[in-house]
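Secondary and tertiary structure notes
Take a look at the letters that make up each chain.
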Amino acid sequence: MTSTEVIVASVSSTASSRSSRWPLRGAAYAALGLYAVVSGYPFVLMVSGAFKDNREVLTNPWPVPRRPTFETLRTTWQVLDFGAYVGNTVFIVAASLVLILVIFPLAAYAFAVMRFPLRTLFFGLFLSALFVPGVTVLLPIVLLDYRLGVLGTPWGVILPIVNGSGPIAILLLRSYFQAIPRELREAALLDGCGEFRVFWRVYYPLARPALVTVAMLNFVGIWNEYVLPSVTLNDPEQYTLPLGLQNLLSANVVNWNQVMAGSVIIVVPVIVVFVFLQRYFVEGLRGSMKG
Amino acid sequence: MPPTELWTRTGAAAPRSGAAAEPVAVPAAPRRPKRVNAKRYLTGYLFIAPAVILFAVFGVYTVGYGLALSFASWNGLAPQWTWVGLQNFRDLFLNDPLLAPVVQASAGRTAVVMVVLPLATIAISLPIAVLLNSVRRFRAPLRTIYLLPFVTSGNAVFYAWRFMYEPDGIINTCLRAIGLGALAEPDGFLGNPDTALAATVWVQIWVSVPLGILLYLTGLQTVDGELIDAARVDGAGSVRAFRHVIVPLLNPLTALLVIIQVREALQSFQIYLLMTNGGPIDRTNVLGLEVFKLAFSPSANLGQASALGWTLFVVALVLAIVNLRILRSRS
């Protein structure tokens, strides 16, 4: 069977039910399993490293710890003051999400259903921001933060991040709003509702799936954000989780078990959220790639 | 029928040119008074105002500032800029005996990554997506595992790979355990100048493959299975069914993936910063990282950093436009 036939068979509605193909299916599962190992092994490594002591993590590269210990997770949490870093990170993520979920739905609603001069121009301007490389504006952002007096504070991270998430959020929400039947808005306006009430009471609740998608995409990105906090935050008390993790790695003697434990602390919340809201995440990625 | 409904229904572009210009409009419909229009426009502007203000400050201003700085010399401390015209660009690419070779070498590496990253991502994600689409059991859990690298992309997973690449890491250990000790890297894969770039790009591929799998999986699932069966009943062989039903569907997806990955190759620097910081002996220094270093190292030259950053932007824009043209002409 050629590769062409496999591809055709994979989309055919009947071919995969033919039982005569079991060796082929076995080979398919073998290949899929192999890549699952490649894809998932770093996470296995993190978890196993988090339960080893600093000597075993170097001498025993295999995933199962010989002497499992909770000590590593405990000391990592304390030594690095991860408690404070978690708080800072949660604040930055939460404040950014609140702003993103207020500012951009408003704009997306206007772009989707309202008519006003220069509407297309403004929309085009937002979309063009998609092509600006992050590193190109990084330096001006730091200088701007300084002028605005927010350099070194969480807001110096939040505001640029919110702005950066704008194009995709507007794109996703706009197409969602456009799919809502016009009659709803017209009827509400006829009943004497103001435009804002129509938005807030009718469109916003209806767009919940799209809003969850936007929240989800941004949660993942902001939680993992390293570069912007690293160039704007100076005071270790303001540090976020990825910066704390970087600190662990730049120690004189790297305790890999602690680096792995810190990685687990960062990665687990993302994985939990992802597994529960996977559907929205997948939909959102598809939507944002189409746009 | 109220005018509002007419306009929105007929999709007339702007109410100003409204009722009179629109033949569908009922002739009896009264002209909308100017004041009402103005009020409606104002509401529209109020809705986009927060986003526009934020964008004006953090988007337009920063991009413009960067452009201006590209033509100036400034160390970040002096009270004033010195205008130098195109000198930053000349120094970066041609004149400066210390800088130009570094920039040229990073441009070469970036070009290599721009070819390898999209190709490798497609070469891995397409077969995986096809296989995943062909099996019934374990589809959901497998997809979840495949997507994890993309979701968690950040320094945590980069450090996990650094740990695996260590001289006594799991990769060397495995190679030695299965008798391929000759392939092991005594200095670690990131320590050897000859393997460092490949090892870093591999992590970039590992992070990107999920996107490709997701894209192709969506594409394959929208192929109507019955269409294929119908083609077969009509006597089309696998090859013809493949060429006429599946290929036309997957082509635009591949083009899209190429656009995303070329952009990624051109702009990404975080992974290089965190895996190798450009080393050993500059062998993993790419353009994005060079911009970052010019801007944020102790010997920062902010004018040069902006000039190189803007060059990246222009190249990204040109590539995006070319890619979109190709995409459109195909579909």
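In this text, all values refer to a predicted model and were calculated from it rather than measured experimentally. (Residues numbered from 1 in each chain as written. Chains lettered and ligands numbered in written order. Predicted model: local features only at pLDDT ≥ 70, side-chain atom pairs only at ≥ 80, totals over all residues. Heavy atoms only, no water.)

Moving on: the overall build of chain B. Secondary structure summary: chain B contains 14 helices and 2 strands in total. For chain B, with 331 residues in total, the buried portion stands at 51%. Considering only contacts in chain B between residues 6 or more positions apart, those separated by 24 or more positions represent 62%. Here chain B displays about 15600 Å² of accessible surface, and carbon together with sulfur accounts for 65% of that area. (Helix = DSSP H or I, 4+ residues; strand = E, 2+ residues; numbered from the N terminus. Buried < 20%, exposed > 50% of the residue type's maximum accessible area, 1.4 Å probe, protein only. Contact = heavy atoms within 4.5 Å. Areas by Shrake-Rupley, 256 points an atom, 1.4 Å probe, with all protein chains shown as cover.)

Our next topic: the interface of chain A and chain B. Taken together, the contacts link 104 residues of chain A with 110 residues of chain B. Roughly 9500 Å² of surface becomes buried between chain A and chain B when both sides are summed, with 76% attributable to carbon and sulfur atoms. Linking chain A with chain B are 15 residue pairs in polar contact (both at pLDDT 80 or more). Ranked by the residues each element gives to the side of chain A that touches chain B, the list is headed by helix α2 (residues 22-50) of chain A, at 16 residues. Among the residues forming the side of chain A that touches chain B, the class breakdown is 76 nonpolar, 16 polar and 12 charged. (Buried area = accessible area lost by both parts, 1.4 Å probe. Polar contact = N/O pair within 3.5 Å; in protein donor to acceptor, adjacent residues only side chain to side chain. Nonpolar A, V, L, I, M, F, W, Y, C, P; charged D, E, K, R; others polar.)

What follows deals with the environment of Y85(A). One can find Y85(A) in helix α5 (residues 82-113). Contacts of Y85(A), omitting those with residues within four sequence positions, involve L80(A), P236(A), Y239(A), T240(A), L241(A), G244(A) and N247(A).

Our next topic: helix α9 (residues 166-179) of chain A. In a regular helix each residue adds 1.5 Å, so 14 residues correspond to 20 Å; α9(A) covers 20 Å between its end C-alpha atoms and thus fits that length. Listed in full, the buried residues belonging to α9(A) are G166(A), P167(A), A169(A), I170(A), L171(A), L172(A), L173(A) and F177(A). (Expected span 1.5 Å × (residues − 1).)

Turning to the nonpolar core, a few remarks are in order. Core analysis: the biggest nonpolar cluster contains 188 residues, and M46(A), F104(A), Y109(A), F177(A) and Y146(B) have the highest contact counts within it. Element by element, the count of residues in this core is highest for α5(A), at 18 residues. Beyond its immediate chain neighbours, meaning those up to four positions away, Y146(B) contacts L32(A), G33(A), Y35(A), A36(A), S39(A), I128(B), L132(B), P210(B) and I213(B). (Core = buried A, V, L, I, M, F, W, Y, C linked by side-chain atoms within 4.5 Å.)

The next subject is the packing of helix α5 (residues 99-134) of chain B against helix α13 (residues 287-296) of chain B. All names here are of chain B. Here α5 crosses α13 at 145°, and the two axes come no closer than 8 Å. Facing L99, V102, V103, S106, A107 and T110 of α5, the residues of α13 in contact are L287, E290 and L294. The residue inventory of the contact of α5 with α13, partitioned by class, reads 6 nonpolar, 2 polar and 1 charged. (Axes fitted to C-alpha atoms, helices over the stretch in contact; angles between N-to-C directions.)

Residue and element names in this part refer to chain A. Going through the model one piece at a time under the given rule, you end up with 38 aromatic pairs over all chains. With 5.1 Å between their ring centres and 80° between their planes, Y109 and Y203 make a pair best called edge-to-face. Within this pair, whereas Y109 is found in helix α5, its partner Y203 is found in helix α11 (residues 195-206), the two being separated by 94 residues in sequence. Classification of Y203 by relative accessible area gives buried; the value is 0%. A centroid spacing of 5.6 Å and a plane angle of 65° characterise the contact between F199 and Y204, whose relative ring orientation is edge-to-face. Like Y204, F199 is buried. (Phe/Tyr/Trp six-rings, centres within 6.5 Å; stacked < 30°, edge-to-face > 60°.)

With respect to the element layout, V135(A) can be found in helix α7 (residues 134-148). When its relative accessible area of 5% is taken as the criterion, V135(A) is described as buried. For V135(A) and V227(A), which are 92 residues apart along the polypeptide, the C-alpha to C-alpha distance reads 9.4 Å. Beyond its immediate chain neighbours, meaning those up to four positions away, V135(A) contacts F269(B), G288(B), V291(B), F292(B) and L312(B).

Keep in mind that these numbers describe shape and distance, not what the molecule does.
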